[in-house]
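# Structural description and commentary
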Amino acid sequence: MRIWKTVTATVAVSLVVVGVTAAGVIYSGAYNVAATSEHWPITRWALQTTVHRSVARQAADIDAPQLGSEAQLLAGATNFDTMCSGCHAPPGGRQSVAARSMYPRPPELTHAAEEKSASEIFWVIKHGIKASGMPAWGASHGDEDLWAMTAFVEQLPDMSAADYRQMLQTAKVRGIGHGTREHHDESGASHGGKHSAGEADAHQGEDAHTHG
Ligand code: HEC
């Protein structure tokens, strides 16, 4: 039985040492939180794998509806243009200066649909990703809008810049898309177009894009 006492004592002392060291690192300010300071490869691997596995698990029970009708894609395109393109770059275009300076940098979504299922993309758009800068759009948008954006992201692998411009133009002519619906903002603030307060962040990015 003495062996167990030794084992228990060693584990307890080790835990205390690890805890004290961790607290020391946290309180000393030694960890550099700068967005310009890259993660160690092992930290990056751990974070990316955690996100990847978590999204797969959280989205496992979501059944994607039929996606890809023209009206849905046009609605998705206008919403993407207003809410997402500053960070994720429009097809054939560049991210905003703000997005290029973020860490993690928002990925271009050209190949997202080849790596993720529609349910996973929907889940990410709806719930966002903690401590990454990816917002949770489910707080301000209903599932119908979120599936429309998912349908649009699913088409990105085959979409040219010209296709994208054409979609936005068609949507505009038909009056489809952002600013034409009423349920966007739960706070009750009106949503009269591109410059509503609820999306100020996305627009800061767009402004930076325009000037940079
Ligand atoms: C403020 C910047 C920002 C905005 C705006 C934004 N995103 Fe993101 N998004 C991110 C970041 C950062 C990540 C990467 C998160 C991570 O590290 O896993 C991300 C990840 C994603 C992913 C997962 C990509 C992949 O391959 O794993 C999808 C899909 C996505 N965003 C869709 C959208 C859509 C659709 C919109 C608009 C409704 C949007 N995002 C708006 C910053 C943003």
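Everything that follows concerns the structure shown earlier in this document.
Below, the structure is looked at part by part. On a predicted model such as this, the values are computed, not experimentally measured, just so you know.

Reading the values: rules and limits
- Residues numbered from 1 in each chain as written.
- Predicted model: local features only at pLDDT ≥ 70, side-chain atom pairs only at ≥ 80, totals over all residues.
- Heavy atoms only, no water.
- Helix = DSSP H or I, 4+ residues; strand = E, 2+ residues; numbered from the N terminus.
- Buried < 20%, exposed > 50% of the residue type's maximum accessible area, 1.4 Å probe, protein only.
- Contact = heavy atoms within 4.5 Å.
- Areas by Shrake-Rupley, 256 points an atom, 1.4 Å probe, with all protein chains shown as cover.
- Near = heavy atom within 4 Å.
- Polar contact = N/O pair within 3.5 Å; in protein donor to acceptor, adjacent residues only side chain to side chain.
- Nonpolar A, V, L, I, M, F, W, Y, C, P; charged D, E, K, R; others polar.
- Donors = N, O, S within 2.8 Å, 3.2 Å for Na, K, Ca; no water.
- Tetrahedral: all angles 85-135°; square planar, octahedral: opposite > 155°, others 65-115°.

## A look at the overall build of the chain
Within the chain, the regular secondary structure consists of 10 helices and zero strands. Listed N to C, the secondary structure of the chain is α-α-α-α-α-α-α-α-α-α in terms of helices and strands. Looking at the chain as a whole, 33% of its 212 residues qualify as buried. Put simply, of all contacts in the chain between residues at least 6 apart along the chain, 68% involve residues at least 24 apart. For the chain, the exposed area adds up to about 13500 Å²; of that, 58% sits on carbon and sulfur atoms.

## Description of the site of the ligand
Not every one of the 21 residues close to the ligand is listed here, only the nearest: Cys84, Cys87, His88, Lys116 and Met134. For the ligand, a nitrogen atom lies 2.7 Å from a polar atom in the side chain of His88. Lys116 is positioned such that a nitrogen or oxygen atom in its side chain is 2.9 Å from an oxygen atom of the ligand. Residue assignment for the shell around the ligand shows that the elements contributing at least two residues are helix 4 (85-88) and helix 7 (118-127). Among the residues making up the shell around the ligand, the classes are represented as 17 nonpolar, three polar and one charged.

## A word on the environment of Glu120
Mapped onto the elements of the fold, Glu120 is located in helix 7. For Glu120 and Ala59, which are 61 residues apart along the polypeptide, the C-alpha to C-alpha distance reads 5.2 Å. If we skip the residues at most four places from it in the chain, Glu120 touches Val55, Ala56, Ala59 and Glu115.

## Remarks on the coordination of the iron atom of the ligand
Ligation of the iron atom of the ligand by protein atoms is provided by His88 (NE2) and Met134 (SD), these donors lying 2.0 to 2.2 Å from the ion. Each of the six donor atoms bound to the iron atom of the ligand contributes to angles spanning 86 to 178 degrees, and the resulting shape is octahedral. Here His88, found in helix 4, pairs with Met134, found in the loop between helix 7 and helix 8 (143-155); they are 46 residues apart in sequence, far enough to count as distant. Side by side, His88 and Met134 carry an identical accessibility label, which is buried.

## Topic: unusual backbone geometry
Of all residues except glycine, most have a negative phi; of all peptide bonds, most are trans. A cis amide bond links Tyr103 with the next residue in sequence, Pro104, at an omega value of 0 degrees. If you trace the backbone, Pro104 turns up in the loop between helix 5 (97-100) and helix 6 (112-115). With phi around 75 degrees, Ala89 is a residue other than glycine that occupies positive phi space. Tracing the sequence through the fold places Ala89 in the loop between helix 4 and helix 5. With relative accessibility at 7%, the residue Ala89 sits in the buried group. We note that Ala131 has phi near 55 degrees; this positive angle belongs to a residue other than glycine. By the secondary structure assignment, Ala131 is in the loop between helix 7 and helix 8.

Spatial relationships are all this shows, so hold off on functional conclusions.
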